[in-house]
Amino acid sequence: MTSRKTFLKTSAITGAAMLLNSLHIDAKAEKRERKNKQVNKPIVLSTWNFGLKANEAAWEILSKGGKALDAVEAGVRVPEADPTERSVGYGGRPDRDGRITLDACIMDEMSNIGSVAGLEFIKHPISVARAVMEKTPHVMFVGDGALQFALSQGFPKENLMVPDSEREWKEWLKKSEYKPIVNIENHDTIGMIALDANGNLSGACTTSGMAFKMHGRVGDSPIIGAGLYVDNEIGAATATGHGEEVIRIAGCHLVVELMRQGKSPEDACKEAVNRVVHLMEIRKKNLSDIQVGFIALNKQGEYGSYCVQGGFSYAVFDKEGNNLKNSDAHLIIPKK
Ligand code: SD4
């Protein structure tokens, strides 16, 4: 039988243990809370100066506590719908056969992925990529199959050629010289990565690809791991520039893996650019003929970028506002 003395002693010990436990839980919650407060979120980053407008649409969602996935889709739909943006969606430049073929992909915090490549006649390839992700058991649709799928989902079939693109293409046909020039002829993909108020990451990437490319050519932008990669435990990255060089190093997957090893977003981008440079040297190719730019964001909301040659900018929207940043570069080519 328990004596009164033993009972009191046991109760006191149990009470103290419970108190210690609750203090411990409080301390843990406080630590978590403090850590959460230090995270720079929400935040959205996107490539090039058209990222500023795209970020605004994404911020609309992020600032109200919305999901990063919804934000990146809404964000990149802005240049997709803009006929004056000549390298994405509606108004994008055609391939050498005069066909506008679009590439896009999307990735969320659960590593769900969706992608389309060589998609014609659809203004918003990013939303088709999201439909691939959410409504099919597959991850990537190409060409006619992608169009067929888009139409089955109710996306309207539209003519995406604008007079300026047609004129430029006809001009190009006179010489038919396939000489990609960085930041001018082939500019520019929008890649967008975001961290939402709940601490979840997502990304989207969409482009009409290299201007006057060979019909059927696919760049890095619709390829998960090349033009975009998200790992919700680590960070996210997206790319712009010569897709062939980004694919060669599995660029954005590399950037995220480098962050996993402890590199800052900027150092991870720089290391990936070094890899591009190294392979160009090994292959005896002229570095000044290409551009590759990466932007990256980690789980703490820290971000960075790096590119092969100067002239690459990206837009960042966080509590500091919506700002355009110039990326550091491996090569600074003096202006002629
Ligand atoms: C592609 N990466 O199709 C895209 C093009 C691009 O700046 O980003 N240009 O290779």
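Residues numbered from 1 in each chain as written. Predicted model: local features only at pLDDT ≥ 70, side-chain atom pairs only at ≥ 80, totals over all residues. Heavy atoms only, no water.

Overview of the pattern of salt bridges
So, step 1. Under the defined criterion, the tally for this structure stands at 18 salt bridges.
So, step 2. The partner of arginine 217 in a salt bridge is glutamate 244, and the shortest N-O contact between them spans 2.9 Å. On the criterion of sequence distance, the pair formed by arginine 217 in the loop between strand 6 (201-207) and strand 7 (228-231) and glutamate 244 in helix 7 (residues 243-248) is long-range, its members being 27 residues apart.
So, step 3. With a shortest N-O distance of 3.5 Å, glutamate 245 and arginine 283 are connected by a salt bridge. Separated by 38 residues along the polypeptide, glutamate 245 in helix 7 and arginine 283 in the loop between helix 9 (265-282) and strand 9 (292-298) bring together distant segments of the chain.
So, step 4. We classify arginine 283 as partly exposed; its relative accessible area is 30%.
So, step 5. Put simply, Asp70, Glu73, Arg130 and Glu134 are held in one network by salt bridges that share partners. (Salt bridge = Lys/Arg side-chain N within 4 Å of Asp/Glu carboxyl O. Helix = DSSP H or I, 4+ residues; strand = E, 2+ residues; numbered from the N terminus. Buried < 20%, exposed > 50% of the residue type's maximum accessible area, 1.4 Å probe, protein only.)

Looking at helix 6 (residues 163-175)
So, step 1. Of the residues making up helix 6, those classed as buried are Ser165, Trp169 and Trp172. Taken end-on, helix 6 shows its buried residues confined to a sector of 60 degrees, consistent with a single buried face. Facing away from the buried side of helix 6 by over 90 degrees, the exposed positions are Pro163 and Lys174.
So, step 2. Of the residues flanking the end of helix 6, it is serine 176, one or two places downstream, whose phi is positive at about 45 degrees. (Arc of directions from axis to C-beta.)

Considering the packing of helix 8 (residues 251-260) against helix 9
So, step 1. Orientation of helix 8 relative to helix 9, taken along the N-to-C sense of each, is 130 degrees, at an axis distance of 8 Å. Here helix 8 lies oblique to helix 9, going by the angle between them. The hand of the helix 8/helix 9 crossing is right-handed. For the pair helix 8 and helix 9, contact is made by Leu254, Val255, Leu258 and Met259 and by Pro265, Ala268, Cys269, Glu271, Ala272 and Arg275, respectively.
So, step 2. Counted by class, the contact of helix 8 with helix 9 contains eight nonpolar, no polar and two charged residues. (Axes fitted to C-alpha atoms, helices over the stretch in contact; angles between N-to-C directions. Parallel < 35°, antiparallel > 145°, perpendicular 65-115°, else oblique. Left-handed = near helix turned anticlockwise from the far one by under 90°. Contact = heavy atoms within 4.5 Å. Nonpolar A, V, L, I, M, F, W, Y, C, P; charged D, E, K, R; others polar.)

Comments concerning a nonpolar patch on the surface
So, step 1. Together, Val139, Met140 and Val142 make up a nonpolar patch on the protein surface, roughly 250 Å² of accessible area in all.
So, step 2. You can see valine 139 is positioned in the loop between helix 4 (125-135) and strand 4 (140-142). (Patch = residues over 30% accessible without salt bridge, like charges linked within 9 Å, V, L, I, M, F, W, Y side chains within 5 Å. Areas by Shrake-Rupley, 256 points an atom, 1.4 Å probe, with all protein chains shown as cover.)

Re the sheet that holds strand 7
So, step 1. The strand order across the open sheet formed by five strands is 7-8-9-10-13, and the pairing between neighbours is mixed. With partners counted over all chains shown, the strands left at the sheet margins are strand 7 and strand 13 (329-331), one partner each. Within this sheet the neighbouring strands show an average axis-to-axis angle of 10 degrees, counted without direction.
So, step 2. Inspection of the sheet shows strand 10 (residues 303-309) paired to strand 13 by two bridges, in the parallel sense. The residue of strand 13 that forms the bridge with glutamine 309 is leucine 331.
So, step 3. Seen against the sheet, helix 8 touches strand 7, strand 8 (235-241) and strand 9 and runs at an angle of roughly 145 degrees to strand 8. (Pairing = 2+ DSSP bridges.)

Quick notes on unusual backbone geometry
So, step 1. Residue proline 42 is bonded to the preceding lysine 41 through a cis peptide linkage, with omega at 0 degrees.
So, step 2. Residue placement: proline 42 occurs in the loop between helix 1 (4-38) and strand 1 (43-47).
So, step 3. Despite not being glycine, lysine 284 has its phi angle at roughly 55 degrees, a positive value.
So, step 4. Positionally, lysine 284 belongs in the loop between helix 9 and strand 9.
So, step 5. Residue lysine 284 is classed as exposed on the basis of its relative accessible area, which comes to 76%.

Side note on the packing of helix 4 against helix 5 (residues 143-152)
So, step 1. Two numbers describe how helix 4 lies on helix 5: the axes approach to 10 Å, and their chain directions differ by 85 degrees. Comparing their axes, helix 5 and helix 4 come out roughly perpendicular. Listed contacts from helix 5 to Val128, Ala131 and Val132 of helix 4 are Ala146, Phe149 and Ala150.
So, step 2. Looking at the contact of helix 4 with helix 5 residue by residue, the class counts come to six nonpolar, no polar and no charged.

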